Amino acid sequence: MEPPPAAAAAAAENSKLRHVEKDVLIPQIMRDRAKELCSDKVQAFTKCCQETGLLMVVKCRQENTALKDCLVGYYSDPLFYEECKTEYLKQREEYRATGIKKKRQKLTSNV
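In this text the structure is predicted, and so the values were computed from the model without any measurement.

Conventions adopted
Residues numbered from 1 in each chain as written. Predicted model: local features only at pLDDT ≥ 70, side-chain atom pairs only at ≥ 80, totals over all residues. Heavy atoms only, no water. pLDDT = per-residue confidence, 0-100. Helix = DSSP H or I, 4+ residues; strand = E, 2+ residues; numbered from the N terminus. 1 Å grid on protein atoms, 1.4 Å probe; cavity = no way out; pocket = protein on both sides within 12 Å on 5 of 7 lines; lining within 4 Å. Points joined across faces, edges and corners; volume = space filled by probe spheres on them. Phe/Tyr/Trp six-rings, centres within 6.5 Å; stacked < 30°, edge-to-face > 60°. Buried < 20%, exposed > 50% of the residue type's maximum accessible area, 1.4 Å probe, protein only. Disulfide = S-S within 2.5 Å.

(A) Quick look at the confidence of the model for the protein chain. Residues of the protein chain with pLDDT of at least 70 account for 79%, and the chain-wide mean is 85. Ranking the elements of the protein chain by mean pLDDT puts helix α1 (residues 6-15) last with 54 and helix α5 (residues 61-75) first with 96.

This is the structure we're talking about:
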């Protein structure tokens, strides 16, 4: 049996994920993207919390539930995970090729 060609071996090596990548870095991308996709609910919850102050626990339940449902919907979607994994692998490949780390865009939201 012949060993795989160099290109195939390199591609297989590049698609392997370390523990920290699976459990920390990709979920971080998922959280950031989910917050962007649920931005209307994030803004509604933030606005409710700012307007009600200490009573936010009671008064903002509906907004909080809507936000959690939106975020959990993305977190539990296997296709969304694969999209974020692909995005991470592209970033990692670019970093390994250039040595330049791409700066992540921070959200200005309070959540």
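(B) Inspection of the layout of surface pockets at higher detail. What the largest pocket holds in volume is close to 370 Å³. If you go around the largest pocket, you meet 13 residues; those closest to its centre are Leu-25, Tyr-88, Gln-91, Arg-92 and Lys-101. Taken together, the elements giving at least two residues each to the lining of the largest pocket come down to α2 (19-37) and α6 (78-98). For the lining of the largest pocket, the element with the highest residue contribution is α6, accounting for five residues.

(C) Structural detail: the packing of aromatic side chains. One pass over the full model with this rule turns up one aromatic pair. Taken together, a centroid distance of 5.1 Å and an interplanar angle of 50° make the contact between Tyr-74 and Phe-80 tilted. The partly exposed category is assigned to Tyr-74, whose relative accessible area is 26%. Phe-80 gets classed as buried once you look at its relative accessible area, which sits at 3%.

(D) Region of interest: the state of the cysteines. Throughout the structure, instances matching the rule amount to two disulfides. The partner cysteine of Cys-38 in its disulfide is Cys-70, sulfur to sulfur 1.9 Å. Because the sign of the S-S torsion sets the handedness, a value of about -85° for the bond joining Cys-38 and Cys-70 places this disulfide among the left-handed ones. Pair noted here: Cys-38 is in the loop between α2 and α3 (39-52) and Cys-70 is in helix α5, with a separation of 32 residues, a long-range link. Taking relative accessible area as the criterion, Cys-38 reaches 0% and is therefore assigned buried. Across the disulfide from Cys-48 sits Cys-60; the S-S distance is 1.9 Å. Residues Cys-48 and Cys-60 share a disulfide whose torsion about the S-S bond is about -95°; that sign makes it left-handed. Remark: Cys-60 occurs in the loop between α4 (56-59) and α5 and Cys-48 occurs in helix α3; sequence separation between them is twelve residues. In the protein chain, the bonded cysteines, taken in the order they occur along the sequence, pair up as 1-4, 2-3. Unpaired in terms of disulfides, Cys-49 finds its nearest cysteine sulfur in Cys-60, a separation of 4.4 Å. For Cys-49, a relative accessible area of 16% corresponds to the buried category.

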